[in-house]
Structure formats: structure tokens, C-alpha cells
Amino acid sequence: MRNTRLFDRHIIRLSPTEAGEDVRQFLQGLVTQDTASDMPSWAGLLSPQGKALFDFLLWADADDVLIDCESAQTDALIRRLSMYRLRRKIAIAVDPETAVYWSAEGSGDPRHAELGERFLGTPSADDVDVSAAYREHRLGLGIPEGLAELGSEQTLWLEANAAELNGVSFTKGCYVGQENTARMNWRQKVNRRLVVVPLEKADISRQRCAYPELGLSVELRRVEDMTALDLPEWQRAAIG
């Protein structure tokens, strides 16, 4: 079934408006991932202090780059990117002719092989909204995303498990928030991490958001407070 759509995602299209303009190069100095590498890729746009403002997936479409982001954050992300654009000849706008689709079967999400198949297509009137099913599947793997779970300027990018989920390049050079992110990686010291825990084990003082219908809580916990939890293998390996 190919019309299982994530209705809570939008696509922002970045397009060169003059010959010689390079959208990937523009994003290279902004986002955490190497835009010269293969796409799709998961990336963040950070504050100068290295804290997450937005997270999204990047897709290539010839000379254009498509940003797969939360619908609710689309306008704010466009404003932020436009602020950095300055005199660059790049159009930044929502693409209503492209939508994000997902299936639990298959693979291809750059963060984790078990996240399922994610693909882009043309929206149709018979699309089925699978946003809730995707959220349940994603959180079942212990993978946070989005403003409600990461917060805005509340979580350092490596605290969002970005290194483990392929959301950062440590070789690409400078980008906004790179200095603090690189320093944390060099010291190999991430004291806190976002973690998904059963609601009955929730620590309200650390909670970012709760999903009572799923019985889950997303929290920013100190690493030493995570060792007794039943963590997914990828996160258990990260905290040793």
C-alpha cells in the first residue's frame, strides 16, 4: 500500500533561482549533517550554543534540496532559513505537490534500519494518515524527534542521540552550533540524553512530553539514571 502518508509532515523546497547558485553549499554552513553526502539524511539546525531548534530529513532532487519537517514548524523553519539566506539566490517555500509517506515494512530511514521505509510522492485524496502509527513505531525504538520531544533550545544536539542516529558529521567543517557539538564529541562526554521510558517509570521533573495513549514518557535524563532502564540496544551501547 503506497498511500500511507504522514499528514503531520510538510516539505520545504530550496531551489536555486540563478545559474551557479548551490543549495547544498548554502545548507552546509547551517545544518549538522554533511550536505555533500548521500541523502536522505537526518540533520538539525541548532542555536549558536549547539542546542536543537529544528530537526528534519534532507532529500535531494536534482539541484534542489527538500526538507522533510514537522508541519507545525514549517513557517518557523522557513523564517529561520530565510534569515540566513541574505543575498543568496535561493527560493525557500513549502512544496504542496510533494508529501511524505511511510511504511513499517522495509528500511531506508537514515537514523535506524528498523524505522521502516520513508519516501516522497504526490499527495492524493485517498492518502491514509499513518502519523499515529509511525509515532508509536518510532517511540517503540526509543527514537525522539520534533519540537515536543527535543524542545526548542533545550537540548544539546548530542543529547538528542544525534551521533548514534546519524544526525551529525564531525568532519564537514563549520556550521551553526558546531563548536560546542564538536567539543562534546572530542571529550566523549554526554552527561544527559533523551530517552523514552514507560509512563509508570516516568520522572516528571525530567519529562519533555508524555503519551498516555502509548504509556510512554520522553525525558532528558542523566546517563547514570538510565542504566536501570530497558533501553534499546543502540542506546545501551551509547552509554556503555
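Here's what I pulled together on the structure shown here. (Residues numbered from 1 in each chain as written. Predicted model: local features only at pLDDT ≥ 70, side-chain atom pairs only at ≥ 80, totals over all residues. Heavy atoms only, no water.)

**Quick look at the nonpolar core**
No. 1: Within the largest apolar cluster, 35 residues are counted, with the highest numbers of intra-cluster contacts made by Trp 157 and Val 218.
No. 2: At the level of elements, β3 (41-46), β4 (52-61), β7 (99-103), α3 (131-140), β10 (192-198), β11 (207-211) and β12 (216-222) are the ones that each hand at least two residues to this core. (Core = buried A, V, L, I, M, F, W, Y, C linked by side-chain atoms within 4.5 Å. Buried < 20%, exposed > 50% of the residue type's maximum accessible area, 1.4 Å probe, protein only. Helix = DSSP H or I, 4+ residues; strand = E, 2+ residues; numbered from the N terminus.)

**A closer look at helix α2 (residues 74-85)**
No. 1: With 12 residues, α2 ought to run about 16 Å at 1.5 Å a step, and its terminal C-alpha atoms sit 16 Å apart, in line with that.
No. 2: Of all the residues in α2, the buried ones are Thr 74, Leu 77, Ile 78 and Leu 81. Along the long axis of α2, the arc covered by the buried residues comes to 100°, so they all point the same way. What points out from α2, more than 90 degrees from its buried face, is the exposed set Asp 75 and Arg 79.
No. 3: Those residues of α2 hidden inside the fold are in contact with β2 (9-16), α1 (23-28), β3, β4, β5 (64-70) and β6 (90-94).
No. 4: Note on α2: the residue one or two positions beyond its end, Leu 86, has a positive phi of about 55°. (Expected span 1.5 Å × (residues − 1). Arc of directions from axis to C-beta. Contact = heavy atoms within 4.5 Å.)

**Things to note about the side chain of Asn 161**
No. 1: Among the secondary structure elements, Asn 161 is positioned in the loop between α4 (146-150) and α5 (178-187).
No. 2: Engagement of the side chain of Asn 161 in a polar contact is seen with the backbone oxygen of Leu 194, the distance being 3.1 Å.
No. 3: In this structure, Asn 161 is in contact with Pro 144, Arg 193, Leu 194, Trp 234 and Gln 235, ignoring residues within four places of it in sequence. (Polar contact = N/O pair within 3.5 Å; in protein donor to acceptor, adjacent residues only side chain to side chain.)

**Details of the sheet that holds β10**
No. 1: Read from one edge to the other, the open sheet built from 3 strands follows the order β10-β12-β11, with strand pairing classed as antiparallel. Where the open sheet ends on each side, the last strands, each with one partner, are β10 and β11. Averaged over all adjacent pairs, the angle separating strand axes in this sheet is 25°, with direction ignored.
No. 2: The pairing of β11 with β12 spans 4 bridges and is antiparallel. Bridge assignment links Ala 210 to a residue of β12, and that residue is Ser 217. (Pairing = 2+ DSSP bridges. Axes fitted to C-alpha atoms, helices over the stretch in contact; angles between N-to-C directions.)

Purely geometric stuff here, so don't read any function into it on its own.
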